[in-house]
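Chain by chain, the residues:
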Amino acid sequence: AGQMPGTRTVMARNGEAARHLAGQRPGASGITGDLWRRAGDAWHHALATQPLPPLWLVVGSGVLALVVVASARVWPVARTVVTMVHEGGHAIVALATGQRRVRVRLYRDTAGETISAGAADGLGVALTAAAGYPAPSLVGLGAAALLAVGHLTGMLLLGLVLLVGLAIAVRNPYGMLAVLATAATVAAVCLYASTVIQAGFGYVMTWFLLLGSVRPVMELHHQRRRGRADRSDADQLARLTRMPGGAWVVIFGVVAVAALAISARWLVR
């Protein structure tokens, strides 16, 4: 009985030592374990339905995206994200139609190009040329559909998967840097941001793709009127099909506006 206090003292000291060790800076294994835990939580949330955010966040994120798209200073930088999706649309359809060695390049001036090996004309080439401008609209529409049913994390993870796939096709240093930086931002939001931050980020990006798909079509129209877009998708389609380039610009515009209108109805309730 007289030894019990000493035993408690030893146990207490051992507990203090354990707590001291636990409070030390975690090593690589601790960081990896935390990362895997967060990734597991993100995957769990991706499969589950999450509560819809308040209306002020939905509308406010749309206003913020509109400001970015309308800004003469911010748009030239932010447009790179739209270009990524644009070129990604070309690349996906090129692969789906059997073209080989698909390579994507993104440039500092927000221009981009997708090159592939295969036939110089035909239905597959026409579909590939037609896929670029509608791609941001359709991706934004799909993101809005997921957000409308409460799959916020699922939408972000799907976007991350698409970015990783695009990174495989990118062949120039600036393009790779832009895609990886965007992917890292999405991954950080998925793993470390709060629910409110995730919702704000997801809705801003969705609105940005929807609104940002309209402005490039308007820019294309103005460039063609000035004779500066003879190598544009619309002019390539005019050479591949019997439809004039102006008709293709109208089709691109109709798709962009329709996707924006349908998505707005889903998101703003």
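Residues numbered from 1 in each chain as written. Predicted model: local features only at pLDDT ≥ 70, side-chain atom pairs only at ≥ 80, totals over all residues. Heavy atoms only, no water.

**Here we look at the packing of helix α6 (residues 134–148) against helix α7 (residues 152–169)**
It is at 7 Å that the axes of α6 and α7 come closest, and there the two elements cross at 150 degrees. The orientation of α6 with respect to α7, classified from their angle, is roughly antiparallel. Facing Ala143, Leu146 and Leu147 of α6, the residues of α7 in contact are Leu152, Met155 and Leu158. Of the residues contributing to the contact of α6 with α7, the split by class is 6 nonpolar, no polar and no charged. (Axes fitted to C-alpha atoms, helices over the stretch in contact; angles between N-to-C directions. Helix = DSSP H or I, 4+ residues; strand = E, 2+ residues; numbered from the N terminus. Parallel < 35°, antiparallel > 145°, perpendicular 65-115°, else oblique. Contact = heavy atoms within 4.5 Å. Nonpolar A, V, L, I, M, F, W, Y, C, P; charged D, E, K, R; others polar.)

**Examining unusual backbone geometry**
Its identity is not glycine, yet Arg101 carries a phi of approximately 45 degrees, on the positive side. In this structure, Arg101 sits in strand β1 (residues 100–106). Look at Arg101 and you get exposed, because its relative accessible area is 60%. In this structure, Thr110 is a non-glycine residue whose phi angle is positive, near 70 degrees. Thr110 gets classed as buried once you look at its relative accessible area, which sits at 8%. (Buried < 20%, exposed > 50% of the residue type's maximum accessible area, 1.4 Å probe, protein only.)

**Focus: the environment of Arg100**
Position of Arg100 among the secondary structure elements: in strand β1. Once the C-alpha coordinates of Arg100 and Ser116 are considered, the two residues, 16 residues apart in sequence, prove to be 5.7 Å apart. Not counting chain neighbours up to four residues away, the residues in contact with Arg100 comprise Ser116 and Ala117.

**What about the packing of helix α9 (residues 195–212) against helix α12 (residues 245–267)?**
It is the contact of α9 with α12, at a shortest axis distance of 9 Å, that shows an interaxial angle of 155 degrees. Taken together, the axes of α9 and α12 lie roughly antiparallel to each other. α9 and α12 meet at a crossing whose hand is left-handed. In contact with Tyr203, Thr206, Trp207, Leu210 and Leu211 of α9, α12 contributes Ala259, Leu260, Ser263, Ala264 and Leu267. In terms of residue class, the contact of α9 with α12 is built from 8 nonpolar, 2 polar and no charged. (Left-handed = near helix turned anticlockwise from the far one by under 90°.)

**Some remarks on the environment of Gly60**
Assignment of secondary structure puts Gly60 in helix α3 (residues 55–70). Among the residues examined, Gly60 registers a relative accessible area of 36% and is labelled partly exposed. Sequence separation between Gly60 and Tyr203 is 143 residues; the distance between their C-alpha atoms is 9.2 Å.

**Observations concerning the pattern of salt bridges**
Throughout the structure, instances matching the rule amount to 3 salt bridges. Residues Glu219 and Arg215 are paired through a salt bridge, measuring 3.1 Å at the closest nitrogen-oxygen approach. Of this pair, Glu219 and Arg215 both sit in helix α10 (residues 214–225), 4 residues apart, which is roughly one turn of that helix. Given a relative accessible area of 22%, Glu219 falls into the partly exposed group. Take Arg215: its relative accessible area is 24%, and that puts it in the partly exposed class. The salt bridge partner of Arg224 is Asp235, with a shortest N-O separation of 3.1 Å. (Salt bridge = Lys/Arg side-chain N within 4 Å of Asp/Glu carboxyl O.)

**A look at a nonpolar patch on the surface**
Together, Leu55, Val59, Val63, Val67 and Val268 make up a nonpolar patch on the protein surface, roughly 390 Å² of accessible area in all. One can find Val268 in the segment after α12. (Patch = residues over 30% accessible without salt bridge, like charges linked within 9 Å, V, L, I, M, F, W, Y side chains within 5 Å. Areas by Shrake-Rupley, 256 points an atom, 1.4 Å probe, with all protein chains shown as cover.)

**Brief notes about the side chain of His90**
Mapping His90 onto the fold places it in helix α4 (residues 75–96). For His90, the side chain forms a polar contact with the main-chain oxygen of Thr128, separated by 2.5 Å. (Polar contact = N/O pair within 3.5 Å; in protein donor to acceptor, adjacent residues only side chain to side chain.)

**Here's the deal with helix α11 (residues 233–240)**
Residues Asp233, Ala234, Asp235 and Leu237 constitute the buried set of α11. Buried residues along α11 sit in contact with α4, α5 (123–130), α10 and α12.

**Describing a positive patch on the surface**
A cluster of like positive charges, contributed by Arg100, Arg101, Arg103 and Arg171, occupies part of the molecular surface. On the basis of relative accessible area, Arg100 is assigned to the partly exposed category, the value being 48%. (Lys, Arg positive; Asp, Glu negative; His and termini not counted. Charge placed at Lys NZ, Arg CZ, Asp CG, Glu CD.)

Honestly, that's just the spatial picture; any functional story needs more than this.
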